[in-house]
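One-letter residues, chain by chain:
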Amino acid sequence: TGPAADMDSLLIHGGNPLAGEVRISGAKNAALPILTASLLTAEPLKLGNVPHLKDISTMLALLGHMGVRVTLDDKNHVTLSGESIPHKEAPYEMVKTMRAAILVLGPTLARFGEARVSLPGGCAIGSRPVDLHIKGLQAMGAEIHIEHGYIHARVPRSNGACRLKGARIFFDIVSVTGTENLMMAAALADGVTVLENAAREPEVVDLANCLMQMGARIKGHGTDTIVVEGVKKLHGTRYNVLPDRIETGTYLCAGALTGGHVRVKDTKPELLDAVLAKLEEAGGKISRGENWIELDMHGRRPQAVDVRTAPYPAFPTDMQAQFTALNVVAAGTGTITETVFENRFMHVLEMQRMGADVRLEGNTAISQGVDHLTGAPVMATDLRASASLVLAGLVAEGETVVERIYHIDRGYETIEEKLGQLGARIRRVPA
C-alpha cells in the first residue's frame, strides 16, 4: 500500500446471497497497544496473529523510528526488540494518520522517564480527548507541557531514579486508549495504581494478559476497576493477539443482509453476545462452537432491529454502520442510536444516494426498509462507514463503486478476497 493504493476503489456487482466460510484476522485494536508494549522491556516480544493492515504497518514504522528492532517472520508473526530507544518521540507525520500512536506515550515515559508525542489526527468521527491520558500521567507524577502540537512529558528525578508513582485515577468518560496507556505506564511505576471507570473491552483485557505474561501484576481487567502493582522491570514473551470481533460481526452482517449462509472461523463467539442477539432478532439462525459462528438466513430478508451503542459489553459503536446497512434493506422500521461518538453517521448520506429511506434525528438514524438499493458511486469517510457502504453494495442492483477505500484497508485485511470467497462479485480497482 503506497500513495497510489490510497486512491483505490472497490467495484461491486450486487445481488448474490453470500455463502461459505471465512477466516477472521487478529484484532487491530488489540494488536496496536500490544505492539507498543515492546517499549516496556529490553527483551524481545514475539507476537502472533498480527493482522496485515495499514494501521499496523504505520505503528511498526513508528516503533522502528523510535529504535525498536522489528522483524516480520511471515505474514502474521512480528518480533519486536526494544533494547535501546534512542528517539523517544512520535513525530506528527506518523501520528496524523493514526490516533493509536498516542499509545507510545505511557510505556516510553514509564521506562525512560521522558517522551515526546505529537497530538493525534485519525478518523473524522468526533473528538477523542487526549486530556484523560495527560491527567492520568500527571497524577502519577509526570510533568507535562504541550507546545508546538507536541506533548512533552518527563518524570522528575527522585532518589536517583525517574519513576512514575502509583496513583488513584478516575476516568470522567470511559476511554479504551486512555485505559491502555495508563495500564502500561502503571506496570513500571512505583507502588499501586487504581484505574476507576476503566474500559472493559476485550482488547484491553488482551493487552493486560500480554503484560501479565511479561511479568506485570494486574487485577480486575475486564471490570471497571483495574489495579496495577508496579514492578521494577518486564521481560519478553510470546503472545497471540485475539481475533477481531468487529471483523467477525461485519462478515456475519454481510451474510444477514444478503439473506445468506455464512460461517466465520478462528474467532471468539463470547465477545459478540450483543451483536449475535441483534442478528438473531433480524431473523438469522445462529450456531456457534468454541472458535466459530455460523449464521443462516434461509434465504429470507432480514427484519429491522433497534440498536443503541454503548461501551462493552453493550452493542459496539464499531458495528453501528454495518447494522445501518442491514436496516435500510430490512423489513420494517429500525432505529440506530449512537451514544459513543458524535458525527458518526456520514454513511447515511451516501446510503440515501443508493435509494435508502433513512433519516437522521439527532444521534439516531431511523430507517424504513426498502425492497432494493441501486448501485451508485459512494465515498468512504471513516473505517466502519466504508465497510457499511461495501455491505450496501452487496445487495444493490447494478454496480456500486466505493471510493477512498484506504479507510477500509486500515481495519480489514483483504476485504475483497474474503467477500469473494463468500461468493460476492467484488474487485479492487487500482487508482
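Read on for a plain summary of the structure. Note that this is a predicted model, so its numbers are computed, not measured.

1. Comments concerning helix α4 (residues 105-112)
Since one α-helical turn is 3.6 residues long, residues separated by three or four positions face the same way.
Consideration 1: Extensive coverage of α4 is indicated by the burial of six of its eight residues.
Consideration 2: Of the residues making up α4, those classed as buried are Leu105, Gly106, Pro107, Thr108, Leu109 and Ala110.
Consideration 3: Residues of α4 that are buried in the fold lie against α1 (28-36), α2 (54-66), β7 (114-118), α5 (131-139), β9 (150-154) and α6 (176-187).
Consideration 4: At the exit of α4 stands Gly113, carrying a positive phi of roughly 80 degrees.

2. Structural notes on the sheet that holds strand β17 (residues 292-296)
Consideration 1: Pairing within the open sheet is mixed, and its four strands lie in the order β2-β15-β17-β16. For this open sheet the edge positions go to β2 (19-23) and β16 (285-288), each flanked by a neighbour on one side alone. Adjacent strand axes in the sheet meet at a mean angle of 15 degrees, parallel and antiparallel pairs treated alike.
Consideration 2: Sheet analysis places strand β15 (residues 261-265) next to β17, joined by five bridges and oriented antiparallel. Counterpart to Arg263 in the pairing with β17 is Glu294.
Consideration 3: Strand contacts of helix α8 (residues 245-257): β2, β15 and β17, with the helix running at about 170 degrees to β15, the strand carrying the most contacts.

3. Considerations on the packing of aromatic side chains
Consideration 1: A full pass over the atoms with the stated rule returns one aromatic pair.
Consideration 2: Here Arg116 stacks its cationic end above the ring of Tyr150, 3.9 Å away from the centre of that ring.

4. Quick look at the packing of helix α10 (residues 320-329) against helix α11 (residues 346-353)
Consideration 1: With their axes 10 Å apart at the nearest point, α10 and α11 run at an angle of 25 degrees to one another. Compared by their axis directions, α10 and α11 come out roughly parallel. The interaxial crossing formed by α10 with α11 has right-handed handedness. Seen from α10, the contacting residues are Gln320, Ala321, Thr324, Ala325 and Val328; seen from α11, they are His347, Val348 and Met351.

About the criteria used
- All residue numbers refer to positions counted from 1 along the written sequence of the respective chain.
- Totals for whole chains, interfaces and linings use every residue, but because this is a predicted model, local features are given only for residues with pLDDT of at least 70 and side-chain atom pairs only at 80 or more, for both listing and counting.
- Neither water nor hydrogens contribute to the side-chain values; these are computed over all heavy atoms in the structure.
- Partly exposed describes any residue whose relative accessible area lies between the buried limit of under 20% and the exposed limit of over 50%, with all areas from a 1.4 Å probe on protein chains only and scaled to the type maximum.
- A run of H or I in DSSP becomes a helix once it reaches four residues, and a run of E becomes a strand once it reaches two; helices and strands are each numbered from the N terminus.
- By the convention used here, residues are in contact when the closest approach between their heavy atoms is within 4.5 Å.
- Each pair of strands is called paired provided DSSP finds at least two bridges between the two strands.
- Every axis in this analysis is a line fitted to C-alpha atoms, fitted for helices over the stretch in contact. Angles between the N-to-C directions lie between 0 and 180 degrees.
- Between rings of Phe, Tyr and Trp, where Trp is taken as its six-membered ring, a pair exists when centres lie within 6.5 Å; planes separated by under 30 degrees are stacked, by over 60 edge-to-face, and by other angles tilted.
- Here, over-ring charges are defined by two tests on the NZ atom of lysine or the CZ atom of arginine: distance to the ring centre within 6 Å, and angle to the ring normal within 35 degrees.
- Here the angle decides the label: under 35 degrees means roughly parallel, over 145 means roughly antiparallel, 65 to 115 means roughly perpendicular, and every other value means oblique.
- By convention the crossing between two helices is left-handed if the near helix lies anticlockwise of the far one by an angle smaller than a right angle, and right-handed if it lies clockwise.

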